[in-house]
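Each chain is listed here by its residues.
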Amino acid sequence: MTYVLKISYDGSFFSGYAKQTENILTVQSELEKYLSILFNSNIKTTASGRTDKYVHALDQTVSFSSDIEIHCDAIKKYLNDKLINIYVKNVESKNKSFNARFSIKSKTYLYLINTGSFNLFRRNYEYQYNKFLDIKKVKDILNIFIGTKNFLSFSTSSLENTIRTIKWIKIYKVKNKILIFINGLGFLRNMVRMIVATLIKYCEQKITYDEILNLFKNPKKGSSIDKAPGCGLYLYKTNY
């Protein structure tokens, strides 16, 4: 049987989503630890994608298989009683062919920027930019990123295939907060953070329209250089 979890987590407490060494706290390591105890077997999970250190999730999807049947409500209750800084929103059983990574149709990330005064208590949950950011200017360059393109310049990934598709980008201003939503079919490591950093640099007149175009025309790993802080990034929605 394949079980599917919908979870949210506070990334500021973890060294990213993916399991690393035994002494490093990650979301996956915590999930697998308690699932293995509950199922009395070695449980390996698959997520819709990995998130980096300090990056949060409002809607991460995780799947795993087991021959042992446990009621979904019991799994949810057990995990929420044990986990800290991770919340299981829902558990359901799916067809064995379902895979959280390979069955996904698209995912949406949210990036939060505070353009108002420094907020000590939100510093782990939004980028404390703390000055004016002209979103009208940002909207001038959004189309550069839309479509199926080689995003190697906007990534630190070591993958050979760096072609990805961004379906849409939407930006809103709510009082002193700027919300950037990016929807795509898949994302490379640090891709969203490097795109956001480029948008900010364009507003600051530190990079030109043509220079951004050149990053696509001459793709080179990490040539965009800057990354927006991880604390402002959220895996907002996973769509299946």
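Residues numbered from 1 in each chain as written. Predicted model: local features only at pLDDT ≥ 70, side-chain atom pairs only at ≥ 80, totals over all residues. Heavy atoms only, no water.

**Some thoughts on the overall build of the protein chain**
Phase 1 of the analysis: Within the protein chain, the secondary structure is distributed over five helices and ten strands.
Phase 2 of the analysis: On C-alpha atoms alone, the protein chain measures out to a radius of gyration of 19 Å, which is about the 18 Å that the 2.2 N^0.38 rule sets for 240 residues.
Phase 3 of the analysis: C-alpha extents for the protein chain along the principal axes are approximately 55 × 40 × 30 Å.
Phase 4 of the analysis: The buried share of the protein chain, reckoned over its 240 residues, is 51%.
Phase 5 of the analysis: Considering only contacts in the protein chain between residues 6 or more positions apart, those separated by 24 or more positions represent 71%.
Phase 6 of the analysis: Accessible surface, the protein chain as shown: approximately 12300 Å² in total, 49% of it carbon and sulfur.
Phase 7 of the analysis: Averaged over its 37 positive side-chain charges, the protein chain has a centre that lies 4 Å from the centre of its 19 negative ones. (Helix = DSSP H or I, 4+ residues; strand = E, 2+ residues; numbered from the N terminus. Rg over C-alpha atoms; globule rule 2.2 N^0.38 Å. Buried < 20%, exposed > 50% of the residue type's maximum accessible area, 1.4 Å probe, protein only. Contact = heavy atoms within 4.5 Å. Areas by Shrake-Rupley, 256 points an atom, 1.4 Å probe, with all protein chains shown as cover. Lys, Arg positive; Asp, Glu negative; His and termini not counted. Charge placed at Lys NZ, Arg CZ, Asp CG, Glu CD.)

**Digging into the packing of aromatic side chains**
Phase 1 of the analysis: All told, the structure shown has 14 aromatic pairs when counted by the stated rule.
Phase 2 of the analysis: Ring centres 5.9 Å apart and planes at 75° place the aromatic pair Tyr 172 and Phe 181 in the edge-to-face group.
Phase 3 of the analysis: By the ring-pair criterion, three or more aromatic residues cluster together here, those being Phe 145, Phe 151, Phe 154 and Phe 216.
Phase 4 of the analysis: For the cation-ring pair, Lys 94 lies above Phe 98, with the distance from its terminal atom to the ring centre recorded as 5.4 Å.
Phase 5 of the analysis: Of note, Lys 170 hangs over the ring of Trp 168, and the distance from its end group to the ring centre comes to 4.6 Å. (Phe/Tyr/Trp six-rings, centres within 6.5 Å; stacked < 30°, edge-to-face > 60°. Lys NZ or Arg CZ within 6 Å of the ring centre and 35° of its normal.)

**Some words on the pattern of salt bridges**
Phase 1 of the analysis: Under the definition given, this model contains twelve salt bridges.
Phase 2 of the analysis: Note that Glu 32 is salt-bridged to Lys 19, the shortest N-O span being 3.5 Å. Residue Glu 32 is found in helix H1 (residues 27-39), and its partner Lys 19 is found in the loop between strand E1 (2-9) and H1; the two are separated by 13 residues along the sequence.
Phase 3 of the analysis: By relative accessible area, which is 4% here, Glu 32 ends up buried.
Phase 4 of the analysis: Residue classification places Lys 19 among the partly exposed residues on the basis of a relative accessible area of 43%.
Phase 5 of the analysis: When the shortest N-O distance is used, the salt bridge between Asp 52 and Arg 193 registers 4.0 Å. (Salt bridge = Lys/Arg side-chain N within 4 Å of Asp/Glu carboxyl O.)

**Quick look at the packing of H1 against helix H2 (residues 72-82)**
Phase 1 of the analysis: Viewed as axis vectors pointing N to C, H1 and H2 meet at an angle of 130°, and their least axial separation amounts to 10 Å. It follows that H1 is oblique to H2 by the angle criterion. At the point where H1 passes H2, the crossing takes the right-handed sense. Residues Tyr 34, Leu 35, Ile 37, Leu 38 and Phe 39 of H1 lie in contact with H2, whose contacting residues are Ile 75, Tyr 78, Leu 79 and Lys 82.
Phase 2 of the analysis: Along the lines of polarity and charge, the residues of the contact of H1 with H2 split into eight nonpolar, no polar and one charged. (Axes fitted to C-alpha atoms, helices over the stretch in contact; angles between N-to-C directions. Parallel < 35°, antiparallel > 145°, perpendicular 65-115°, else oblique. Left-handed = near helix turned anticlockwise from the far one by under 90°. Nonpolar A, V, L, I, M, F, W, Y, C, P; charged D, E, K, R; others polar.)

**Observations regarding helix H4 (residues 191-203)**
Phase 1 of the analysis: Its 13 residues place the ends of H4 19 Å apart at the C-alpha level, agreeing with the 18 Å of an ideal helix rising 1.5 Å per residue.
Phase 2 of the analysis: Of all 13 residues in H4, 13 are buried; the element is thus mostly enclosed.
Phase 3 of the analysis: Of the residues flanking the end of H4, it is Gln 205, one or two places downstream, whose phi is positive at about 60°. (Expected span 1.5 Å × (residues − 1).)

**Observations concerning H2**
Phase 1 of the analysis: Along H2, the residues that are buried comprise Cys 72, Ile 75, Tyr 78 and Leu 79. Seen along its axis, H2 keeps its buried residues to an arc of 130°; they face one direction. Looking at H2, the residues exposed on the side facing more than 90 degrees away from the buried face are Asp 73, Lys 77 and Asp 81.
Phase 2 of the analysis: Residues of H2 that are buried sit in contact with E1, H1 and strand E4 (86-94). (Arc of directions from axis to C-beta.)

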